[in-house]
Amino acid sequence: MRYLILALAMLFALPSTGTAGYREDFEKEFMTKTWAGEQVEENLCISCHASDKMKPEFKETVDAWKESWHAQNNISCENCHGGDPKDAEFAMSPQHGFVGVPQYKDVPEFCGKCHIGILSHFLESGHGKALKASRKAPNCVTCHGSHNIQKASIDIINEQQCTKCHSYERAKIMKVALFLIEKRIAQLEQNLQTLKQEGIYPEADEKSLFSTQAEFRTLFHTVDVNLIRSRTDEFTSKLDVIDRDIQATYRDLRFRKNFSAFLMLAFSGMGVIIFLLSTTKRD
Amino acid sequence: MWKKMKTWLDVRIGLNDFVRTKIVDYRIPKNINIFYTLGFLAVIAYAVQAFTGIVLLIYYIPHPDHAFKSVQDIMAKVPYGWLFRQMHVVGSNLMITVAILHMITVFLMGNYKRPRELTWLGGGISLLLTIIFGFSGYLLPWTQLSYWATTVVTSMPTAFPVIGDSIALILRGGDQVTEVTLSRFFALHVAILPPIFLTFMGIHLLLINRIGISATPFGMVDEEKRPLTEYKRKTHPDGYPYYPVFFQKQMYMMMAYFAVMFFIVTFLPNLFFPEEANLPADPFKTPPHIRPAWYLLAPYQLLKLIPNKFFGITIQMILLTIFLAWPFLDTYQEKNVLKRPILRGVFIFLLVMWVVLLFWGRNP
Amino acid sequence: MKRRRFLKIILAFLGSITLFSFVNSFLKFLAALPARTAEINKLIIHKNEIPSGEAKNIIYRNAPAVIINRSDRGFIALSRVCTHFGCLVEYNRAERRLICPCHAGNFDLEGNVLSGPPPKPLRAIPLRIDGENIILG
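Here the structure is a predicted model, which is why all the values come from computation and not from measurement. (Residues numbered from 1 in each chain as written. Chains lettered and ligands numbered in written order. Predicted model: local features only at pLDDT ≥ 70, side-chain atom pairs only at ≥ 80, totals over all residues.)

**Student:** Is there a simple way to explain the overall build of chain B in this structure?
**Tutor:** Scanning chain B for helices and strands turns up 13 helices and two strands. Taking the principal axes of the C-alpha coordinates as reference, chain B spans close to 65 × 60 × 35 Å. Residue burial in chain B is summarised as follows: out of 364 residues, 38% are buried. Here the contacts in chain B between residues at least 6 apart in sequence split such that 78% fall between residues at least 24 apart. (Helix = DSSP H or I, 4+ residues; strand = E, 2+ residues; numbered from the N terminus. Buried ≥ 20, exposed ≤ 12 C-beta atoms within 10 Å, placed from the backbone. Contact = placed C-beta atoms within 7 Å.)

**Student:** Where do I start with the sheet that holds strand E1 (residues 43-46) of chain C in this structure?
**Tutor:** For sheets, the rule is that strands pair by backbone hydrogen bonds, running either parallel or antiparallel. Residues and elements named next belong to chain C. Spatial strand order, E1-E11-E10: three strands in an open sheet with antiparallel pairing. In the strand order of this sheet, the two ends are held by E1 and strand E10 (127-130), each with one partner. Each strand axis lies, on average, 25° off the axis of its neighbour in the sheet, ignoring direction. Judged from the four bridges that link them, E1 and strand E11 (residues 133-136) form a sheet pairing that is antiparallel. Residue pairing across strands places Leu-43 opposite Leu-136, the latter belonging to E11. (Pairing = 2+ DSSP bridges. Axes fitted to C-alpha atoms, helices over the stretch in contact; angles between N-to-C directions.)

**Student:** Can you walk me through the interface of chain B and chain C in this structure?
**Tutor:** How big an interface is tends to be stated in terms of accessible area lost as the parts join. Between chain B and chain C, the residue contacts involve seven residues of the former and five residues of the latter. Among the elements that make up the side of chain B that touches chain C, the one with the highest residue count is helix H5 (residues 81-108) of chain B (three residues). Its residues placed into classes, the side of chain B that touches chain C shows six nonpolar, one polar and no charged. (Nonpolar A, V, L, I, M, F, W, Y, C, P; charged D, E, K, R; others polar.)

**Student:** Any chance you could explain the nonpolar core here in plain terms?
**Tutor:** Buried together is how nonpolar side chains tend to be arranged in soluble globular proteins. Among the nonpolar cores identified, the biggest contains 90 residues, and Phe-267 of chain A together with Ala-45, Met-255, Tyr-257 and Met-261 of chain B are the most heavily contacted of them. Ignoring sequence-local partners within four residues, the contact set of Ala-45 of chain B consists of Gly-91, Leu-94, Met-95, Val-98 and Tyr-257 of chain B. Of all hydrophobic cores here, the second largest spans 23 residues; its members include Leu-78, Phe-85, Val-89 and Leu-98 of chain C. (Core = buried A, V, L, I, M, F, W, Y, C linked by C-beta atoms within 7 Å.)

**Student:** Would you take a moment to explain the sheet that holds strand E8 (residues 113-115) of chain C for this structure?
**Tutor:** Residue and element names in this part refer to chain C. One open sheet holds the four strands; their spatial order is E5-E6-E7-E8, and the pairing between them is antiparallel. Because the sheet does not close on itself, it has two edges, and the strands there are strand E5 (90-92) and E8. Note that strand E7 (residues 106-107) and E8 share two bridges and pair antiparallel. Considered in E8, the bridge of Phe-107 is made with Val-113.

**Student:** Help me understand the pairing of strand E2 (residues 55-60) of chain C, please; the structure alone is not making it clear to me.
**Tutor:** Looking down a regular strand, the side chains alternate between one sheet face and the other. Residues and elements named next belong to chain C. Where E2 lies against strand E3 (residues 63-70), six bridges are found, and the strand directions are antiparallel. Across the sheet, residue Ala-55 finds its bridge partner in E3, namely Ile-68. Linking two consecutive strands that pair antiparallel, namely E2 and E3, is a turn of two residues; a positive phi of about 50° is found at Arg-61 within it.

**Student:** What is the right way to read the packing of helix H13 (residues 203-220) of chain A against helix H14 (residues 225-277) of chain A from this model?
**Tutor:** Helix-helix packing: each pair is described by the crossing angle between the helix axes and the interaxial distance. All names here are of chain A. Two numbers describe how H13 lies on H14: the axes approach to 10 Å, and their chain directions differ by 170°. With respect to each other, H13 and H14 are oriented roughly antiparallel. Along the contact surface, H13 presents Asp-205, Ser-208, Leu-209, Thr-212, Phe-216, Leu-219 and Phe-220, while H14 presents Leu-227, Ile-228, Arg-231, Phe-235, Lys-238, Leu-239, Ile-242, Asp-245 and Ile-246. Classifying every residue of the contact of H13 with H14 by side-chain character gives 10 nonpolar, two polar and four charged. (Parallel < 35°, antiparallel > 145°, perpendicular 65-115°, else oblique.)

Fair warning: the whole summary comes from geometry, so function is off the table for now.
Put into structure tokens, the structure is as follows:
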């Protein structure tokens, strides 16, 4: 018997030494397959611009982009600047759509390649008209930044920003007009998040909320307070519909809790009664 | 009226005789304790799973394009769909827990010893089948959690030296988790495993019936010391009648099982639903913390710890074999675990290690 | 013995209400009555309201939709909810496509994705022509 065990142990030890990998090797194979972790395909724009050989400003650009909301949604360099991110020869080739850094005046069209609704409203606005007439005016980057772009919030409208060109009075009025709806949207977003944690995935309501919010914010870019005020009711009623849905879902969740609590009590009660009814061994 | 029905049945199937021999005259040992009900609970747990599973089958659609939505519809739109789904999810975890507890108590009471080795083997295989049930069912809702946990678990077999990659390939039906994987896991979970499981559970119960209920060593002279060279069904002529004594115990433990289940459903409805469990599967976006379900965390962590893949998987296979074959290895006649400090110590150590690995595996 | 009898009665009572709630839940589960009233699901538009090449925005089952009179292939009804984040797509007559103002998702007049971030085609709404009427649902 003991010889058998010894033989088995040696048999076992042999392949162990053969494939004695090191921890990094193991981790690399097991833990970082292509499916696990980032499916990072070689983006040449980033590999060059983030390298140490480049000017420090370029590296900062890449870092700034990495923090952005665009980066989180897999929008990278070529989506705005064009070019071919996979082929070094064409990475910055105008034939492959490379645009480079847009002129100050052309920034709205640059961003408006995707954000078309906002572009059209912006061009109608006082800001947009001033920009196209080459007067002192903001473009997208003025308020939103260029690479470290975060999710828009009402705080982009603030005294420091808006007084660069004119008094804060007008901006304040606009902010007030937007405030209540923005607050309500934020609250509904919060509610939907809570519902998701409770196991309900409110897809239709999420989409409706996003759509309402997007339309509302797109409208803002006209910087026309009267327009916004006149359409506030319309937005409010859309939000009301979503709110009603959410409240109905909360009611449903409360019912579920009560129902399962009732079942729990019923079963515990029956357990207790059976226990009381049971004949002890002494009977 | 009641009496008439009973007499009618008695004439045809011998009802009175059946009740008398199988239920009333069936004697159980005097020192039977509550842990003896755990096996029955596991059977009840399986019945609950089977019933709620079939109920869910009515609305579930096993294709990646529709699986998530169908489960969401069950939770949100179908009346009381949430109830059956919650019962199924909570029940699966409870069933594995009950099976593990049952195994631990049988071990500690020494009830795997001769002549009950095969019973232990059948039970061990049933536990493994239960875990496969859990792991195959995990994928079906097609959420981020399902998809990525399955990806990780189906990569664990690659640690096997030559056949590892092939095993993973067959499990997944490809290099990645796709609709092919979903189909085969669905078939496994719904059609292949149930008859296999029922067979092994049936064998397990049959053996218990043939051999007889064992007497625990506590508080009683160990009768099993005799050499046992021939078959003899273990009876307890001076024991208690199965009905009502043990039957009542089983009943209130069953009530306790359901009470625990509904406690979790009421107060901890998200216990088994972290955030990723409510998002549809996205093959391009790995959530920050992927890991398998709790019952697979210890093997997973062990594989991660041991730098040599072959070594890692072999240790697990050896441990598994020892676990299944334990009654054949431990032929020491003493059943009372209190009189076997080394065994007790080693067992408790291994159990603690398992728990430690489990918690360790939770934090990547 | 009265205590035991009392306990047994309570047990029977609890047992039956538990059983009843499960049976009730199960039956409701099986019945799962679909969204009620066929009238809300139906929408009737007169063909003349939509000239060739034009489209009409409508609300169908509480969600925005559009009926397009395509010059080559007749009428089609599509959901206006973009499959990306849910903004409402607009019919662009000149380019013969549906464009989402939020992130420039482009759909053709069958609802298929032409470009942009949307992951899935627009949901089609069953439509049939009955004489002079377009009937949805």
